[in-house]
Amino acid sequence: DVKVTQSSRYLVKRTGEKVFLECVQDMDHENMFWYRQDPGLGLRLIYFSYDVKMKEKGDIPEGYSVSREKKERFSLILESASTNQTSMYLCASSLLTGGNEKLFFGSGTQLSVL
Amino acid sequence: GENVEQHPSTLSVQEGDSAVIKCTYSDSASNYFPWYKQELGKRPQLIIDIRSNVGEKKDQRIAVTLNKTAKHFSLHITETQPEDSAVYFCAASTPGAQKLVFGQGTRLTINP
C-alpha cells in the first residue's frame, strides 16, 4: 500500500521562525500536494507539484513556499511563521497528473505558532 | 474557479438509520466527485467516487448520486454503524485542473 510520511506529528514554533514541513511518498507518484485543514473550512490547497522542481500555487499560497528536489519528497516552507498559520497540515500524493486521481494522505502535522 | 459547498456541517443519527450529506459545485465542467472519510486522529481516505458519465454508484452500505443538471451530488449511508462516525469531505475537479476542490466537511456522529 502507498505510504505517505510526514516528518512530524506535532510541531510548536515561535512567531517569525522559519518552519519546514517534510513529506515523503514511497510509490513513485507524480503529483504531490500540501493542504491545510481548519474546522469549518475543509481542506484548502496551498501548493502542489506535478514533477520534480515544478510547483503550482493552490488556493491559499500566501505566506508559504515549497520545494521538490526529488520525486519522492515535497517540502512546505513557512518563511516567517505567524499565529494565523496554526493549523493541521496534510500532505498528499497521487499516481498521475490530473485532478481525477485518488489522493493518498499523510497522517498530518499539527503546527502551533506561538 | 470551482467552488464546493457541503451541508450539513454536523449530522447526528441513530445507529441503524440512514445519513445523507449533500454537496453542490459551481463549475458545470467538473467531471470527478470523490468522497473522503477522516476518522478521529487519522488521515482522510477515499471511500467512494463517481464520474460525470454515471448518475449513481454503490458500494455495500454507501452510495453516491450525481445530478449534473442541478450541479449537486450526495453521499448516502444506510444502516449506520458506530464506525461510520467521522468527518466526511466531498470534492470536485474539472478536466485539466490537476487538483481537487474540497467541501467544508461534515462531522457525522452515530448515536447508539
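Residues numbered from 1 in each chain as written. Chains lettered and ligands numbered in written order. Predicted model: local features only at pLDDT ≥ 70, side-chain atom pairs only at ≥ 80, totals over all residues. Heavy atoms only, no water.

Asks: Explain the state of the cysteines here, please?
Replies: Each disulfide consists of one covalent bond between the sulfur atoms belonging to two cysteines. All names here are of chain A. This model, assessed by the stated rule, comprises two disulfides over all chains. One disulfide bridge connects Cys-23 with Cys-91, the sulfur atoms lying 1.9 Å from each other. Looking down the S-S bond of the Cys-23 and Cys-91 bridge, the torsion is -75°, so its handedness is left-handed. Separated by 68 residues along the polypeptide, Cys-23 in strand 3 (residues 19-25) and Cys-91 in strand 9 (residues 87-94) bring together distant segments of the chain. Look at Cys-23 and you get buried, because its relative accessible area is 0%. (Disulfide = S-S within 2.5 Å. Helix = DSSP H or I, 4+ residues; strand = E, 2+ residues; numbered from the N terminus. Buried < 20%, exposed > 50% of the residue type's maximum accessible area, 1.4 Å probe, protein only.)

Asks: Can you help me understand the interface of chain A and chain B in this one?
Replies: Accessible area lost when the parts come together is the quantity often used to give the size of an interface. Taken residue by residue, the interface counts 24 residues in chain A and 17 residues in chain B. Across the chain A-chain B interface, the total number found is one salt bridge. Notably, a salt bridge pairs B:Lys99 with A:Asp59, separated by 3.2 Å at the nearest N-O pair. Joining chain A to chain B, the criterion identifies seven residue pairs in polar contact (both at pLDDT 80 or more). Those elements giving two or more residues to the side of chain A that touches chain B turn out to be strand 4 (31-38) and strand 5 (42-49) of chain A. By residue class, the composition of the side of chain A that touches chain B is eleven nonpolar, nine polar and four charged. (Contact = heavy atoms within 4.5 Å. Salt bridge = Lys/Arg side-chain N within 4 Å of Asp/Glu carboxyl O. Polar contact = N/O pair within 3.5 Å; in protein donor to acceptor, adjacent residues only side chain to side chain. Nonpolar A, V, L, I, M, F, W, Y, C, P; charged D, E, K, R; others polar.)

Asks: Sorry, what's going on with the sheet that holds strand 1 (residues 4-6) of chain A here?
Replies: Across a sheet, paired strands are connected by hydrogen bonds in the backbone, their directions being either parallel or antiparallel. Residue and element names in this part refer to chain A. If you trace the four strands from one edge of the open sheet to the other, you get 1-3-8-7, paired in antiparallel fashion. Pairing within the sheet leaves two strands with one partner each, and these edge strands are strand 1 and strand 7 (64-70). Each adjacent strand pair in this sheet contributes to an overall mean axis angle of 20°, direction not counted. Of the strand pairs in this sheet, strand 1 and strand 3 are connected by three bridges, and their pairing is antiparallel. If you follow Gln-6 over to strand 3, its bridge partner there is Cys-23. (Pairing = 2+ DSSP bridges. Axes fitted to C-alpha atoms, helices over the stretch in contact; angles between N-to-C directions.)

Nothing here speaks to function; it is all geometry.
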